[in-house]
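So the chains spell out like this:
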Amino acid sequence: VVDTQHSVEEIGVDPGLKDTATLSDGVKIENARIFAIHEAKLGSFQRNHKRKQARKLAAKIRNIRRDFLHKKTLELVKKYQTFFVGNVSGKFLQATNGKSSQDASVGLFRSILSYKAIRHQGRVIEVSEFASTVTCSNCFEKSGPGGLNDLGMREWICGICLSCHDRDTNAAKNILRVGRDSLRSA
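What comes next is a walk through the structure.

### Quick look at the environment of G122
Phase 1 of the analysis: Relative to the elements of secondary structure, G122 occurs in the loop between α5 (106-119) and β5 (123-127).
Phase 2 of the analysis: Sequence spacing of G122 and V77 is 45 residues, and the spatial spacing of their C-alpha atoms is 7.1 Å.

Here it is as C-alpha cells:
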C-alpha cells in the first residue's frame, strides 16, 4: 500500500474509443493509437509470412499500449480517490468496432485503474452508462443527440436549458452524478 494524498475526492470517467477516457472535470486521456501506427508494418509481415517478425511487432505494440495505460492510470490514482467508471463492455466494443476498440483497450484501462486505485487507497465503482451521453448534466433532461447517425456529433446544446456540452465530458459528469447517487442510496 502506497501512502497517497489525493487532491480530488471523486471523479466520473467515461471510457471510449476516440479518447481512452474522459473525466468529469474536462480532462481527456487521448487514445495513443499504437496499433494504428504499426498496422501497415504488421500487415506486411503477416502477408509475407514473416511470423517471427509479426509476433515480435505484436508484442511490441502490446507492451507500448500497456506502458501508456500504466503511466496514465498512475497519474490518475495519485490525483483522485474515488473513480466512478462507465460500465461499457470491452467485449461489446471489440465485437462492434474491431481494431479501434483494441487500440482503446477499455477493459485493460479499467482493470489497471482498479488495482492501482486500491494500491493508492482509492476505489473504482462501475456505474451504468445508460443514456449518459444524451442526458444534459445541468437539467437532467434527455435532450442530446442519440442514435448511430449522431455519434459523430461531439458537441451539442441542450434544448431545455441551452447549456453547451462536449459529448464525452457530459457523459462523465452524468456518470459521476449517478455514482454519487448510488453511494447515497446504498
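Okay, back to it.
### Re the pairing of strand β1 (residues 8-15)
Put simply, side chains in a regular strand alternate between the two faces of the sheet.
Phase 1 of the analysis: The pairing of β1 with strand β4 (residues 80-86) spans 5 bridges and is parallel. The residue of β4 that forms the bridge with E10 is T82.
Phase 2 of the analysis: Here β1 pairs with strand β2 (residues 19-23) via 3 bridges, running antiparallel. Looking at the pairing, D14 lines up with T22 of β2.
Phase 3 of the analysis: The turn joining β1 and β2, which pair antiparallel and follow one another in sequence, is formed by 3 residues.

### Brief notes about the pattern of salt bridges
When their charged atoms lie close together, side chains carrying opposite charge are able to pair.
Phase 1 of the analysis: What the rule picks out here adds up to 7 salt bridges.
Phase 2 of the analysis: A salt bridge links R184 to D181; the shortest N-O distance between them is 2.8 Å. Taken together, the residues R184 and D181, both in helix α6 (residues 167-185) and 3 residues apart, mark about one turn of the helix.
Phase 3 of the analysis: For D181, a relative accessible area of 35% translates into the label partly exposed.
Phase 4 of the analysis: Three or more residues joined by partner-sharing salt bridges are found here, namely D19, K28 and D166.

### Side note on the sheet that holds β1
Phase 1 of the analysis: Pairing within the open sheet is mixed, and its 5 strands lie in the order β3-β2-β1-β4-β5. The open sheet has two edge strands with one neighbour each: β3 (28-30) and β5. In this sheet, adjacent strand axes meet at a mean angle of 25° when their direction is disregarded.
Phase 2 of the analysis: Each of β1, β2, β3 and β4 touches helix α2 (residues 51-79); the most contacted strand, β4, lies at about 125° to it.
Phase 3 of the analysis: The strands touched by α6 are β1, β2, β3, β4 and β5; relative to β1, the strand with the most contacts, the crossing angle is about 125°.

### A look at the packing of aromatic side chains
Phase 1 of the analysis: Scanning the model with the defined rule gives 1 aromatic pair in all.
Phase 2 of the analysis: With a centroid separation of 6.1 Å and an interplanar angle of 75°, the aromatic rings of Y80 and F83 are classed as edge-to-face.
Phase 3 of the analysis: When its relative accessible area of 0% is taken as the criterion, F83 is described as buried.

### Overview of the packing of helix α1 (residues 34-47) against α2
Phase 1 of the analysis: Where α1 contacts α2, the two axes come as close as 9 Å, and the packing angle between them is 170°. In terms of orientation, α1 lies roughly antiparallel with respect to α2. Together, I34, F35, H38, K41, L42, F45 and Q46 of α1 and Q53, A54, L57, A58, K60, I61, I64 and R65 of α2 make up the contact between the two elements.
Phase 2 of the analysis: A class-by-class count of the residues in the contact of α1 with α2 yields 9 nonpolar, 3 polar and 3 charged.

### Quick look at the nonpolar core
Phase 1 of the analysis: With 16 residues, the main nonpolar core has V13, L76, F83, F109 and L113 as its most contacted residues.
Phase 2 of the analysis: Of all the secondary structure elements, the ones that give two or more residues to this core are β1, β2, α2, β4 and α5.
Phase 3 of the analysis: With sequence-adjacent residues up to four places away left out, F83 is seen in contact with I11, V13, L76, V77, L113, A117, R123, V124 and I125.
Phase 4 of the analysis: Listed in part, the 7 residues of the second largest apolar core include I34, F35, A54 and I61.

The rules we used
- Residues numbered from 1 in each chain as written.
- Predicted model: local features only at pLDDT ≥ 70, side-chain atom pairs only at ≥ 80, totals over all residues.
- Heavy atoms only, no water.
- Helix = DSSP H or I, 4+ residues; strand = E, 2+ residues; numbered from the N terminus.
- Pairing = 2+ DSSP bridges.
- Salt bridge = Lys/Arg side-chain N within 4 Å of Asp/Glu carboxyl O.
- Buried < 20%, exposed > 50% of the residue type's maximum accessible area, 1.4 Å probe, protein only.
- Axes fitted to C-alpha atoms, helices over the stretch in contact; angles between N-to-C directions.
- Contact = heavy atoms within 4.5 Å.
- Phe/Tyr/Trp six-rings, centres within 6.5 Å; stacked < 30°, edge-to-face > 60°.
- Parallel < 35°, antiparallel > 145°, perpendicular 65-115°, else oblique.
- Nonpolar A, V, L, I, M, F, W, Y, C, P; charged D, E, K, R; others polar.
- Core = buried A, V, L, I, M, F, W, Y, C linked by side-chain atoms within 4.5 Å.

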